[in-house]
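Chain by chain, the residues:
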Amino acid sequence: MPASERVFGLFAVLTGLLAGSLVLSAPTWAKTHDVAMTAVETDVVIEGNGEKYAAWTFNGTIPGPVVRVTEGDTINFTLTNPATNKNPHAMDFHAAEIDFLKNYRAINAGETISFKFVAKKPGIFFYHCGAPPMIQHVARGMFGAIIVDPKNAKAWAKADREYVLVQSEFFKNPDDVQAMFDRKYDNVLFNGGIFKYHPFVTGGGKLDAKPGERVRIYFVNAGPNEFSSFHPIGEIWDNVYESGNPTNKLNGVQTYVVGPGSAATFDVVVESAGAYPLVTHSLTGALRGAIAVLLVGPDAKPAPLMPMVPWVLPAK
Ligand SMILES: [Cu+2]
């Protein structure tokens, strides 16, 4: 082959490569995730004495499953509303930037809906049902958390241990929508339970950590109405990241307000062994259920992101 042809051939290959890279819609490191959830109208345990509640949920638990992806990833989401349900349901992902009329519309029992989005911004985001009356669908338990990890893992310090905590208000009568509008809640929940992580309460557990570990709490306030003033008793948040974005970094924070429908990531490096209750310092909320005790000791075992979801009580 003459040299000129070889050069042209190389040019053609390079042009092809360039054109190929230009038409790629997503970066090569990005992944696609198929996420399917089912709207489940069911009873769930909300108290350590075994008390159950007629909840509306994603996949049967309060909160719904944690979705975890990396910045730039694509999520193909499908919601199924089984024919056995009685109500319309929907899904609204705060991590998405897509048309809400088309994608977040409520579907009737017996229908499914699918939509797709790219998780463009890293952070911790709320997801929830938006079917009317939305205040009731959220109050009855249709919410959860999606973590979008930064594509650059070095954007922040590596966590030694991670938990997801979702705060919400609990209304004893699931059908009393007026009480929900009037903010007449009975309890405040962390991960769907009253004092779920309080070892002194019947059926209560705890969150574990070892001294010196950087504990990262992905915190979501589901509301529907109240603000959370998130504080670690006996500690100071080393860092708070608004919406969980590593670039929104605060240092040395005692309490940080997370409004309904918002979220933040909280890092605490626990200096020494002991008990550190994580609370909303809005005390009516803490004393009505929103206390999660972080128990710090050398024997702490690994734990899932959301321990005790679902809350299965030991047989009596
Ligand atoms: Cu719903």
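Residues numbered from 1 in each chain as written. Predicted model: local features only at pLDDT ≥ 70, side-chain atom pairs only at ≥ 80, totals over all residues. Heavy atoms only, no water.

### A closer look at the pairing of strand S12 (residues 214-223)
Rule in force here: Type-normalised accessible area, obtained with a 1.4 Å probe on protein chains alone, sets the label of each residue: buried when under 20%, exposed when over 50%, and partly exposed for intermediate values. Helix numbers and strand numbers start at the N terminus; a helix is a DSSP run of H or I with at least 4 residues, a strand a run of E with at least 2. Paired strands, in this sense, are two strands between which DSSP finds at least two bridges.
Where burial is concerned, most of S12 is hidden: 10 out of the 10 residues are buried. Burial of the side chains of S12 extends over both faces: Arg214, Arg216, Tyr218, Val220 and Ala222 are buried on one face and Val215, Ile217, Phe219, Asn221 and Gly223 on the other. Direction of pairing for strand S9 (residues 161-170) relative to S12: parallel, over a ladder of eight bridges. Along S12, the bridge assignment pairs Ser168 with Gly223. Where S12 and strand S17 (residues 262-269) come together, eight bridges link them in antiparallel fashion. Paired with Val220 across the two strands is Ala263, which belongs to S17.

### Structural notes on the sheet that holds strand S13 (residues 228-232)
Here is the rule: Note on geometry: axes are lines fitted to C-alpha atoms, helical ones only across the stretch in contact, with angles between N-to-C directions running from 0 to 180 degrees.
Reading across the sheet, the five strands line up as S11-S19-S18-S13-S16 and stay open at both edges, with mixed pairing between neighbours. Two strands bound the open sheet, and with one partner strand each, they are strand S11 (207-209) and strand S16 (256-258). Geometrically, the sheet is characterised by an average inter-axis angle of 25° between neighbouring strands, direction not taken into account. Pairing between S13 and S16: three bridges, direction antiparallel.

### Comments concerning the nonpolar core
Quick reminder of the rule: Buried residues of nine kinds, namely Ala, Val, Leu, Ile, Met, Phe, Trp, Tyr and Cys, make up a nonpolar core once their side-chain atoms join them within 4.5 Å. Contacts are assigned to residue pairs that have any heavy atoms within 4.5 Å of one another.
Core analysis: the biggest nonpolar cluster contains 62 residues, and Leu165, Ile217, Phe230, Trp237, Phe266, Leu278 and Leu294 have the highest contact counts within it. With six residues, S12 is the single largest residue contributor to this core. Excluding its chain neighbours within four sequence positions, the residues that come into contact with Leu165 are Phe190, Asn191, Tyr197, Ile217, Tyr218, Phe219, Val220, Phe230, Leu278 and Ala292. Counting 28 residues, the second largest nonpolar core, distinct from the first, contains Tyr104, Phe117, Ala131 and Ile146.

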